[in-house]
Amino acid sequence: MTDTLLPNGIKDSGGDGAYFRKGCNPFAQTGRSKLQNKRASLNQQIIKQMRMRAGAENLLKASSNNKVKEMVLLELSYVNSNLQLLMGELEGLNSSVEVYQNTQETANIPLIALGLKETKEVDFSAPFKDFISEHYSEDGKRFEDQIADMMDLRQACRTPSRNEAGAELLSKYSSHLPLIESRFFSPTRQTGIFFTWYDSFTGVPVCQQNMSLEKASILFNMAALYSQIGTRSDRQTIVGLEEAISSFQKAAGILNHLKETFTHTPSYDMSPAMLSMLIRMMLAQAQECLFEKTALPGIRNQFYPLMKMAQEAAKVSEIYDQVHQSMIQTPIKDNVPLFWSTMSQVKTNHYRSMAHYFVASALLDHQLGPSDDEDQQEKTLSQVYDQLPEGRSPLDILKKKDERERIGKAHIRRAILGHEEALRIYALCHHLNKLGALQDILKASHERSLLKYNENEIEEDFTDYTEAPDIISKTEHKAEMEFPTNTKVKVIDFFQRLGPLSVFSAKQRWTAPRTIRLRPEDRDLGFTLKGESPVQVVSLDPLCPAAADGLKEGDYIVLVGDTDCKWMGVSEVMRLLKDVDEEGIDIQVVSLMDTNPSMPTKSATFCGNLPKTYSMICLAYNDEDKNPKSRKVTKKSSFLSWGLKNKLKSASTLSLPTADHSGTLPWNKPCPTFPSSSSYNNDSTLY
């Protein structure tokens, strides 16, 4: 299960003079790599079956032969069955928590880690070189090394190592994305680059041409990586527990940032409802580790420590109950693995039973003595209960031995019933049955409660029906979301040679570079310079030779002789110009053109103002349907419960294509190709 690292060795041309790490070797036969390879394989099989279903549905609409329709319907039933089986396998992968646990850990309840989202490789080479040539008037071949380094960095992010170095790798690529977006992704034209990411729960591919999906998916994987670091930590040591707590809190912080920043990401695993549930689960696991950290040195068998641990355990139970309630809500319950909701339910009952056991131990094993602080114990007991049985007060329970024993036995009975319920739920999930350590812990806790009950059993106790009151949850250390400081690392633009990003970006438009011959008259060039970099021509004398040669007010100087001066300030450029002889010197300038009003960036999940299902985006692109608005759109229920389309949601709600005999489903329409830049603006040529 150890991560196998490839050696460093790719030069980071991002400018920081370091080498960036590669990810884990995808061919290493580790538990985690096998799991990710299996996930990638399932994603490909799911998209294959969806292509087959799309073709069958189109044939069903086009054919009028009843025999053909019967055969197509039979084929559709097979395809849908295969999709359900593949979905079951994907759920099994999400339930395989044992490969993420610490190899030497057998005394702790397993924790749940998120799997990394899979993506397709993206070839930036041709589109970026073309864009550099057309937009920046540079030779794109001169940037081949930088493009290759960026592609290698993205490839490495597909298999990050499960430690801080892997998180730093993802952070570095995430920090490069805004720079790449500003350089190459214009609001008025498409680059032809498609980013495809697979939903981690359903395997459905989502494809977009803008960078939003790429940014959001990298953040999701960063949170998933921190969750894996947390589950891998050694929870038998204080250091390991602190690492696990910090990792889960960081995962929750990143997921919360993802939810607040990317509100319309068209992937179900990054929908607001799903992210809210994942945040609760990460915080619940952090709270569980905080409880284990408190209990690790040992719990003193005294009244106050036992009451404190009872409320701490009740807090963990309460949070897991909230997680379970969010998992069983529609539509989350259709996509969350059964293992996850069952595990949260088991932990809810287990920790609630532990809370009752601690209270029972405090009441049965410790009587109020002359040396004890009666007021303090009364205050502690009153803070544990929200409501006492009628006719009883905290002081009565503490002072009267019979009352103390009666309430203590009632707590131990609730503890036994809760442990039995946890074991019953455990037996219902076959994925949980693979976790032998979990079963051992649940049985040991149950036997401990039974032993405590037998120690205090009296013959006539069977007539006592006293119900133990609920325990108020309370914690001294609440798990909080933590946003990692290394999420935004300082990087230097791969393509800094193109010039300062404030001027030389994809949203700016210039004229083609013009060559101007400067011949000073009485050491006067006929203009002055201003700005930092690049410098700008101001106060131009309209009668000077440079103006006659084509120099204009506001031009940017990009080249003096053979020296690139995009990054030079006024003093540096003047130093190059002050020694110009009578023959003069050639400079190159560009003029900033008026930028047309920005048009909304078209997304691959939208076409013709109609939302497209995310699966069909990656199936085919054609322009046969010239009038997509002419068809009436109706909504039908899906054959697969895990792909239900919420009729009240917009395009950000996941929907899977299904067989429909009316031929009116929106995903049955061919998806036209994305319009070229000329379809947006005839003047989209940038110089």
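Going along each chain's sequence as written, the residues are numbered from 1 onward. It should be noted that, the model being predicted, local features are given only for residues of pLDDT at least 70 and side-chain atom pairs only at 80 or more, the latter also being counted only at that level, while totals for whole chains, interfaces and linings use all residues. Calculated side-chain values reflect all of the structure's heavy atoms, with hydrogen atoms and water omitted.

**Student:** Can you walk me through the overall build of the chain in this structure?
**Tutor:** On a plain count of helices and strands, the chain comes out with 18 helices and 10 strands. For each residue, the accessible area found with a 1.4 Å probe, counting protein chains only, is set against the maximum for its type, and the residue is called buried under 20%, exposed over 50%, and partly exposed in between. The burial tally for the chain puts 53% of its 687 residues in the buried class. We get accessible surface area from the Shrake-Rupley algorithm with a probe of 1.4 Å; when it comes to residues, only the shown protein chains can shield them. By element, 49% of the accessible surface of the chain is carried by carbon and sulfur atoms, the whole surface being about 31,000 Å². Numbering of helices and strands runs from the N terminus; a helix is a DSSP stretch of H or I covering at least four residues, while a strand is a stretch of E covering at least two.

**Student:** Quick question: what am I supposed to make of the packing of aromatic side chains here?
**Tutor:** Two numbers describe a pair of aromatic rings. These are the distance of the centres and the angle of the planes. Two aromatic rings from Phe, Tyr or Trp, using only the six-membered ring of Trp, form a pair when their centres are within 6.5 Å; if the ring planes differ by under 30 degrees the pair is stacked, by over 60 it is edge-to-face, and anything between is tilted. All told, the structure shown has 16 aromatic pairs when counted by the stated rule. Where F124 meets F128, the ring centres are 5.1 Å apart and the plane angle is 40 degrees; that geometry is what we call tilted. The class for F124 is buried, based on a relative accessible area of 2%. Whether a charge sits over a ring depends on NZ of Lys or CZ of Arg being within 6 Å of the ring centre and within 35 degrees of the ring normal. The ring of F220 carries K117 above its face, with NZ or CZ at 5.7 Å from the centroid. Over the ring of F143 we find R497, and its NZ or CZ is 4.4 Å from the ring centre.

**Student:** Would you take a moment to explain helix α5 (residues 164-184) for this structure?
**Tutor:** End to end, α5 covers 30 Å across 21 residues, agreeing with the expected 30 Å (1.5 Å per residue, within 8%). Of all 21 residues that make up α5, 15 are buried, and the element is covered over most of its length. Definition of a polar contact: a pair of N or O atoms within 3.5 Å, with one able to donate and the other able to accept a hydrogen when the atoms are protein atoms, and with sequence-neighbouring residues admitted only if both atoms are side-chain atoms. Measuring from the side-chain oxygen of the N-cap residue of α5 to the backbone nitrogen of A165 gives 3.1 Å; that N-cap residue is N163. Given a helix with a known number of residues, its expected span is that number minus one, times 1.5 Å.

**Student:** Would you mind showing me how to read the environment of D579 here?
**Tutor:** Note that D579 resides in the loop between α16 (570-577) and β8 (585-590). The exposure class assigned to D579 is exposed, which follows from its relative accessible area of 61%.

**Student:** Looking at this structure, how should I read the environment of G253?
**Tutor:** Position of G253 among the secondary structure elements: in helix α7 (residues 238-261). When the C-alpha atoms of G253 and M481 are compared, they prove to be 4.5 Å apart, with 228 residues separating the residues in sequence. Note on contacts: a residue pair qualifies if any of its non-hydrogen atoms lie within 4.5 Å across the two residues. Apart from the residues within four sequence positions on either side, G253 is in contact with M481, E482 and F483.

**Student:** Any chance you could explain the pairing of β8 here in plain terms?
**Tutor:** Between any two strands, pairing holds if DSSP finds at least two bridges. As paired strands, strand β3 (residues 514-518) and β8 are joined by 5 bridges and run antiparallel to one another. Residue pairing across strands places T515 opposite Q588, the latter belonging to β8.

**Student:** So what exactly am I meant to see when it comes to the packing of α7 against helix α8 (residues 272-295) here?
**Tutor:** Packed helices, taken two at a time, are described by the angle their axes make and the gap between the axes. Axis lines are fitted to C-alpha atoms, over the contacting stretch for helices. Their N-to-C directions set the angle, which ranges from 0 to 180 degrees. Packing of α7 against α8 leaves a shortest axis separation of 9 Å and a crossing angle of 165 degrees. Relative to α8, α7 is oriented roughly antiparallel. Between α7 and α8 the crossing geometry is left-handed. Here the nonpolar group is Ala, Val, Leu, Ile, Met, Phe, Trp, Tyr, Cys and Pro; Asp, Glu, Lys and Arg are the charged ones; every other residue, Gly included, is treated as polar. When grouped by side-chain class, the residues that make up the contact of α7 with α8 number 18 nonpolar, 4 polar and 4 charged. Oblique is the label for any angle not under 35 degrees, not over 145, and not in the 65 to 115 range, which are roughly parallel, roughly antiparallel and roughly perpendicular in turn. By convention the crossing between two helices is left-handed if the near helix lies anticlockwise of the far one by an angle smaller than a right angle, and right-handed if it lies clockwise.

**Student:** Could you clarify how one ought to interpret the nonpolar core in this entry?
**Tutor:** A general trend in soluble globular proteins is that nonpolar side chains are found buried together. Put simply, buried Ala, Val, Leu, Ile, Met, Phe, Trp, Tyr and Cys residues joined by side-chain atoms within 4.5 Å make one nonpolar core. Of all hydrophobic cores here, the largest spans 125 residues; its most connected members are F128, L278, W340 and F495. Counting residues per element, this core draws most heavily on helix α10 (residues 338-365), at 14 residues. Among the nonpolar cores identified, the runner-up in size contains 21 residues, and L518, C544, A546 and C565 belong to it.

**Student:** Teacher, can you tell me more about unusual backbone geometry here?
**Tutor:** Backbone geometry follows two general trends: most residues other than glycine have a negative phi, and most peptide bonds adopt the trans configuration. With omega at 5 degrees, the peptide bond leading from T330 into P331 counts as cis. Examined against the element boundaries, P331 turns out to sit in the loop between α9 (303-327) and α10. The residue after S533, namely P534, is reached through a cis peptide bond having omega -5 degrees. Take P534: it is sitting in the loop between β4 (528-530) and β5 (536-538). Unlike most non-glycine residues, S137 shows phi in positive territory, near 55 degrees. Along the chain, S137 falls in the loop between α3 (125-135) and α4 (144-156). Residue classification places S137 among the partly exposed residues on the basis of a relative accessible area of 29%. In the Ramachandran plot, S539 falls in the positive-phi region, its phi being about 50 degrees despite a non-glycine side chain.

**Student:** Just checking my understanding: could you explain the confidence of the model for the chain for this structure?
**Tutor:** Interpreting fine coordinate detail is not advised for predicted regions of low pLDDT. In this model, the chain carries an average pLDDT of 78, and 76% of its residues clear a pLDDT of 70 or more. Confidence of the predictor in every single residue is expressed as pLDDT, which spans 0 to 100. Across residues 1-21, where pLDDT falls below 50, the model places 64 contacts with residues more than four positions away in sequence or in other chains. Contacts from residues 597-687, a stretch scored under 50 in pLDDT, to residues over four places away or in other chains number 200 contacts.

**Student:** It is not clear to me how the side chain of S171 should be interpreted in this structure. Could you clarify?
**Tutor:** Within the secondary structure, S171 sits in helix α5. Take S171: its relative accessible area is 1%, and that puts it in the buried class. Residues within four places of S171 in sequence aside, it is in contact with M222, N486, T487 and V489.

**Student:** Just checking my understanding: could you explain the pairing of strand β6 (residues 556-560) for this structure?
**Tutor:** In the case of a regular strand, side chains alternate between the two sheet surfaces. Summarising burial for β6: 4 of the 5 residues are buried, a large majority. With 2 bridges connecting them, β6 and strand β7 (residues 563-564) associate as antiparallel partners. Of the residues in β7, the one forming a bridge with V560 is T563. Two successive antiparallel strands, β6 and β7, enclose a turn made up of 2 residues, where G561 displays a positive phi of approximately 65 degrees.

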